[in-house]
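# An overview of the molecular structure
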Amino acid sequence: MTVKLEKEVLESLLTMATFVEARDAYTGGHAWRVSQYGRLLAEEMSLSRDDVFVVQLGGLVHDLGKVGVSDTVLNKDGPLSAQEFELMHQHPESGVNALGGHPLLPLVREAILEHHERYDGGGYPTQAPGSSLTVIGRILGVADAFDAMTSTRAYRAGMTGERAMQIVDEERGAQFDPQVAEALSLLHHKGELDHVLGHASEEQLLLNCPVCGPSVVPPEDAHDGDTTVCPSCRGIFAMHRQGDTFQLELQGMSPTLYMPKPDHRAVQSLIAAMPSKRIKPRDVTAR
Ligand SMILES: [Fe+2]
């Protein structure tokens, strides 16, 4: 069985992936960063072009199931209760169910299902050990955790890349696949993660909302004096140019709903990386 790749079908899947960021605006650019870390890791590990593509696509859609998690759990400012954890732990399977009979589901199933499994078998939803996870899931597990550690949330500041790398090293063979952790370490020391960390997309540095932290994705053609809205707190801010970035000054509150738009550049670069018209999921998900 092969999966036929069509531009329009791919675009529709990626549009669905942007809905996750409407629910969890705080993590601006999370899917893009996981996709980019995943691509870099897959290339560093010399995976085939098909595999690299599947990792990159999987990174963009891995959290689709979060659309079904309630705001009180998703954006909770503190530790989750056992019951809340149970709800959160259902998002991988919900994501697969949400895609139902989507023609590209066979390509992204492992990315969605396995990104919270651990190498030592202590993850969720199935507690599958590293030896029975796909290379796609093992790569995205590291990419997702690295981004979670280096991103700022309502209740804590993000770690530096250096500190997060230390934790990934300490967790080699426990939470993380040693081979993937090694690849991340090589990329980190070469400085190849720098253009992804703290960015919302290529060339787009996240701006610091004075209320929420780095959560504002600036418009691509932003100028000094323009206004922008924080997707998290809905504050309207004036943008003051400061070197390569902008400082934000609160002007008021936006009365409109936040609805993110698909990142057209990410979509176009993924379409440009489309390896061939057909991909065999059996090959790309080889253990
Ligand atoms: Fe997730």
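Residues numbered from 1 in each chain as written. Predicted model: local features only at pLDDT ≥ 70, side-chain atom pairs only at ≥ 80, totals over all residues. Heavy atoms only, no water.

## A look at the overall build of the chain
Regarding its fold elements, the chain presents 12 helices and 9 strands. Scaling as 2.2 N^0.38, a compact globule of 287 residues should have a C-alpha radius of gyration of about 19 Å, and the chain matches this with 18 Å. The dimensions of the chain, computed from C-alpha atoms along their principal axes, are 55 × 40 × 40 Å. Buried residues in the chain amount to 51% of all 287 residues. Here the analysis covers contacts within the chain between residues at least 6 apart in sequence; of these, 61% occur between residues at least 24 apart. Accessible surface for the chain amounts to roughly 13,200 Å². Of this, 52% is attributable to carbon and sulfur atoms. On the chain, the mean spot of the 25 positive side-chain charges and the mean spot of the 39 negative ones are 5 Å from each other. (Helix = DSSP H or I, 4+ residues; strand = E, 2+ residues; numbered from the N terminus. Rg over C-alpha atoms; globule rule 2.2 N^0.38 Å. Buried < 20%, exposed > 50% of the residue type's maximum accessible area, 1.4 Å probe, protein only. Contact = heavy atoms within 4.5 Å. Areas by Shrake-Rupley, 256 points an atom, 1.4 Å probe, with all protein chains shown as cover. Lys, Arg positive; Asp, Glu negative; His and termini not counted. Charge placed at Lys NZ, Arg CZ, Asp CG, Glu CD.)

## Quick look at the pattern of salt bridges
Applying the stated criterion to the full structure yields 14 salt bridges. One salt bridge in this structure joins Lys4 and Glu6, with 3.1 Å as the shortest N-O distance. Between Arg33 and Asp147 there is a salt bridge; the shortest N-O distance is 2.5 Å. Here Asp147 lies in helix 8 (residues 135-150) and Arg33 lies in helix 2 (residues 30-44), a separation of 114 residues in the sequence. (Salt bridge = Lys/Arg side-chain N within 4 Å of Asp/Glu carboxyl O.)

## Some details on the nonpolar core
Proteins that are soluble and globular tend to have nonpolar side chains buried together. Grouped together as the largest cluster of nonpolar side chains are 60 residues, with contacts concentrated most on Leu10, Leu41, Phe53, Leu57, Leu107, Val108 and Ile139. Here this core takes 9 residues from helix 8, the largest share from any one element. In contact with Ile139, not counting residues within four places along its chain, are Gly38, Leu41, Ala42, Met45, Leu47, Val55 and Val180. Counting 10 residues, the second largest nonpolar core, distinct from the first, contains Cys209, Val216, Ala222 and Phe237. (Core = buried A, V, L, I, M, F, W, Y, C linked by side-chain atoms within 4.5 Å.)

## Focus: the packing of aromatic side chains
Counted by the stated rule, this structure contains 1 aromatic pair. Plain terms: the ring middles of Tyr37 and Phe146 are 5.2 Å apart, the flat faces sit at 85 degrees to each other, and that makes the pair edge-to-face. Placement of the pair is Tyr37 in helix 2 and Phe146 in helix 8, with a sequence separation of 109 residues. As far as burial versus exposure is concerned, Tyr37 and Phe146 are alike and both buried. (Phe/Tyr/Trp six-rings, centres within 6.5 Å; stacked < 30°, edge-to-face > 60°.)

## A word on the coordination of the iron ion
Bound to the iron ion on the protein side are Asp63 (OD), His91 (NE2), His115 (NE2) and His116 (NE2), at distances that span 2.0 to 2.3 Å. Of note is the iron ion, whose 4 donor atoms meet at the metal with angles of 84 to 178 degrees in an arrangement that counts as irregular. Within one chain, the residues donating to the iron ion are spaced in sequence as D-x27-H-x23-H-H. Separated by 52 residues along the polypeptide, Asp63 in the loop between helix 3 (49-61) and helix 4 (71-74) and His115 in the loop between helix 7 (105-114) and helix 8 bring together distant segments of the chain. The exposure classification of Asp63 matches that of His115, with both residues buried. (Donors = N, O, S within 2.8 Å, 3.2 Å for Na, K, Ca; no water. Tetrahedral: all angles 85-135°; square planar, octahedral: opposite > 155°, others 65-115°.)

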